[in-house]
Amino acid sequence: MTTTASTSTDSSRLAHSVEEWANCLDEALAGPNADQLRELFLEDSYWRDLASLTWDVRQFWGREPLLAHLVEHAKVATPTGFTLQADRSAPHLVDEQTCEFYLTYRTATGTGSAFVHAVLDPEGPGGLRAQVLATTITSVDGQAVPSTQRRGYTAARPGQTWHQHRRESQGFEDTEPDVLVIGGGQTGLIMASRLERLGVTYVVADRNPLPGDGWRSRYDSLALHTPTVANNLPHVHQPETFPSFVSKDEWGNYLDAYATFMNLNRWGGTEVVSAVFDETDRRWDVTLSVPGGATRILRPAHVVTAVGYTGTEPYIPDLPGLDDFAGQVMHSSEFVSGSAFAGQRVLVVGTGTSGHDIALDLSDHGAQTHLAQRGPTCVVPIEEAERYNLDYGAPGMSVEEADQRRNSMFILPLVEEKARAETQRTEREYAEMYDGLRRAGMTLTTGEDGGGWVLRLVKSFSGYYLDVGASAAIIDGRIAMVQMADVDRWVEHGLRLRDGTVIELDAVVLSTGYRNVRHSLERIFGSEVAGRVGDIGGVAENGEHRNMARPTRQPHLWLLFGGIMDARKMSEVLALQIAGQILGATPTLVRDDRDELISLPPLDAAGEEVAAR
Ligand SMILES: Cc1cc2nc3c(=O)[nH]c(=O)nc-3n(C[C@H](O)[C@H](O)[C@H](O)COP(=O)(O)OP(=O)(O)OC[C@H]3O[C@@H](n4cnc5c(N)ncnc54)[C@H](O)[C@@H]3O)c2cc1C
């Protein structure tokens, strides 16, 4: 019997519709049968897989390509047993025509969770047809099952104290870790907590002594732009007493506490100097510089880099004549507070987040402030960004569910469509503010693709400003705009414009960003490995972030980066992929030049290729 969901708006009838749809999915995938599957999807439908059926992070656009790939992967992954997921919201309508629900299922190698965004369609199975199906890996067979059912710690010898136990178990004096994570800021910590829970042994190495040091070293006026409710790390949440947007120092302190409470194996004051892949036993020879200047060698099977999206090396563009400038020149990474510049004439180069924040801080501290723009900027009030985080803290919605929904709906054509519509709305709604900014000399843009700040964030992580006050200061003249296109050159006492005017300056702050993370990779792994991995970040033609939490072209090398929310979800997906390879649930998968996955033959315990014998 087919239930028509459009007439079944109460929750139990919707649940019944969903069950019918899920049963049809189960049956169609068992074949797998493309004709049966076709009934379940809209023509304009999408599938994103987070390493559950493809062992990759992929998205497929349009029903026919979706079906072709789903059938192909279902043959190997054999997903089955789709049932409503107990720890997620019950099936519910998101508007009059659309509903959403979560299903769990098994695969040949573990379990998964499916998010479905479906329209009410009397012709579809259960009266539904899916617009988005997103499948996510949730466990891999053989992984450790975390348990808290113990008293204290398991001492390695009689009389071993907890402190000795911790020090010795994270020292890896007699054993090698499965994984080395390079970088122990927030991303490295999240990755470590995922590996820890899966029973995968690891070391996180960071040249900073403490996890929060990176954030603490940023400028004093910085507060996070993402709300506190959206920023909690797995298992240990921030105190309820934290403000809705925490300062960078509070966030840094939370990271320190997180590493302590989670008992993470983080080696502070430790720089990863080089890493060379040994093709014979497929392990890395990693040289680390440890506190005190000594050298330590580790031989992990896998390396995850978590060295930030933009890298940590300041980017300084070619600015003609800057060497002739007699005043102070610093990169934004060295800027601490406007208090040191009270009464001075300061120019900030760059109109991204840090450029705006620093200019506002300077102005607030009584500096005569100029802001130099290199290219058009997308500006929206911070409240606009919050529209994208409404799931976090919503009644009944866990952080895990909000993350799953966010990542499930990260389908590039849908993100673009929404971003363009939102940009048109903000253009109308904030027309007065935009007029004021233009009159003050700022060049604005809605982005190359009309997708405003959202697509700039997604595609390049730069070129936008979420306004927390600097726009008003620009409009009322507290911050004076300068267009770099009008600049002739730097001179001893300031900046000379093409019309001959000289802007007298005491100091310059270069908010010009950082060199791409690829440079960090080159220094550690050499240019051959970095070249093989290729571009990092941004969005590839297939809609996915390049090399983010998916197999790279270099065996056993993985990358994790992004904001807090991205790293939180994708760390889980990445940790399970690594666990899958270590447990032999999946072969060693590597990306080829066509962006397809190929598998390497498995090794036996002695490190020899099993297939070669
Ligand atoms: C001004 C600013 C504001 C931001 N605000 C937000 C926000 O509100 N919300 C949000 O979600 N995101 C925000 N971000 C983006 C992102 O969350 C941060 O950049 C964050 O610091 C990224 O964390 P990470 O751990 O990936 O990288 P990082 O914090 O850059 O940490 C990388 C670590 O790698 C270490 N490292 C690098 N190379 C080596 C090596 N060879 N050996 C050992 N250690 C090494 C470094 O010491 C560093 O500790 C912001 C970014 C900036 C710049």
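Residues numbered from 1 in each chain as written. Predicted model: local features only at pLDDT ≥ 70, side-chain atom pairs only at ≥ 80, totals over all residues. Heavy atoms only, no water.

Observations concerning the site of the ligand
Working step 1: The ligand sits among 27 residues. The nearest are Gln 186, Thr 187, Asp 206, His 225 and Thr 226.
Working step 2: Between the ligand and Arg 218, the relevant distance is 3.1 Å, taken from an oxygen atom to a side-chain nitrogen or oxygen of the residue.
Working step 3: If the ligand stood free it would expose 980 Å²; the protein chains cover 88% of that surface.
Working step 4: Elements represented by at least two residues in the shell around the ligand include exactly helix H5 (186–198) and strand E11 (271–278).
Working step 5: Tallied by class, residues from the shell around the ligand come to twelve nonpolar, eleven polar and four charged. (Near = heavy atom within 4 Å. Polar contact = N/O pair within 3.5 Å; in protein donor to acceptor, adjacent residues only side chain to side chain. Areas by Shrake-Rupley, 256 points an atom, 1.4 Å probe, with all protein chains shown as cover. Helix = DSSP H or I, 4+ residues; strand = E, 2+ residues; numbered from the N terminus. Nonpolar A, V, L, I, M, F, W, Y, C, P; charged D, E, K, R; others polar.)

Quick word on the pairing of strand E18 (residues 378–381)
Working step 1: Here E18 shows two buried faces, one formed by Cys 378 and Val 380 and the other by Val 379 and Pro 381.
Working step 2: Sheet topology places E18 next to strand E19 (residues 464–467); four bridges connect them, and they run parallel. Paired with Pro 381 across the strands is Asp 467, a residue of E19. (Buried < 20%, exposed > 50% of the residue type's maximum accessible area, 1.4 Å probe, protein only. Pairing = 2+ DSSP bridges.)

Focus on the confidence of the model for the protein chain
Working step 1: Looking at the protein chain, pLDDT values average 93 and 96% of them are 70 or higher.
Working step 2: The low-confidence segment residues 1–8 (pLDDT under 50) makes 24 contacts with residues lying over four places distant or belonging to another chain.
Working step 3: Interface confidence for the predicted complex, given as ipTM, is 0.99, next to a pTM of 0.94. (pLDDT = per-residue confidence, 0-100. Contact = heavy atoms within 4.5 Å.)

Examining the pattern of salt bridges
Working step 1: Here the structure, examined in full by the defined rule, presents 45 salt bridges.
Working step 2: Between Arg 299 and Asp 281 there is a salt bridge; the shortest N-O distance is 3.0 Å. Note that Arg 299 is positioned in the loop between strand E13 (295–298) and strand E14 (302–305) and Asp 281 in the loop between E11 and strand E12 (283–289), a separation of 18 residues in sequence.
Working step 3: Arg 299 gets classed as partly exposed once you look at its relative accessible area, which sits at 21%. (Salt bridge = Lys/Arg side-chain N within 4 Å of Asp/Glu carboxyl O.)

Details of the sheet that holds strand E22 (residues 494–497)
Working step 1: Strand order in the open sheet formed by three strands is E21-E22-E23, with antiparallel pairing between adjacent strands. Either end of the sheet is taken by a strand with one partner, and the two such strands are strand E21 (487–491) and strand E23 (502–504). When the angles between neighbouring strand axes are averaged without regard to direction, this sheet yields 25°.
Working step 2: In this structure, E21 lies alongside E22, joined through four bridges in antiparallel fashion. By the bridge assignment for E22, Val 487 is matched with Leu 497. (Axes fitted to C-alpha atoms, helices over the stretch in contact; angles between N-to-C directions.)

Brief notes about the environment of Gln 344
Working step 1: Of note, Gln 344 is situated in the loop between strand E15 (328–331) and strand E16 (345–349).
Working step 2: Each C-alpha atom, one on Gln 344 and one on Asp 506, is 6.1 Å from the other, the two residues being 162 residues apart in sequence.
Working step 3: Discounting residues that sit within four places of it in the chain, Gln 344 has contacts with Ala 367, Gln 368, Asp 506 and Ala 507.

A closer look at the sheet that holds E12
Working step 1: Across the sheet, three strands lie side by side as E11-E12-E13; this open sheet has antiparallel pairing. Edge positions in the sheet fall to E11 and E13, since each of these pairs with one other strand and no more. Averaged over neighbouring strand pairs, the angle between their axes works out to 15° when direction is ignored.
Working step 2: Where E11 meets E12, seven bridges bridge the pair, whose relative direction is antiparallel. The residue bridging Glu 271 from the neighbouring strand is Ser 289, located in E12.

Thoughts on unusual backbone geometry
Working step 1: Note that the residue after Gly 31, namely Pro 32, is joined by a cis bond; omega there is -10°.
Working step 2: As for its placement among the helices and strands, Pro 32 is situated in the loop between helix H1 (11–30) and helix H2 (34–40).
Working step 3: One non-glycine residue, Phe 172, adopts positive backbone phi at about 45°.
Working step 4: With respect to the secondary-structure elements, Phe 172 resides in the loop between helix H4 (162–169) and strand E8 (179–182).
Working step 5: The residue Asn 547 is not glycine, and still its phi comes out positive at about 65°.
Working step 6: On the basis of relative accessible area, Asn 547 is assigned to the buried category, the value being 8%.

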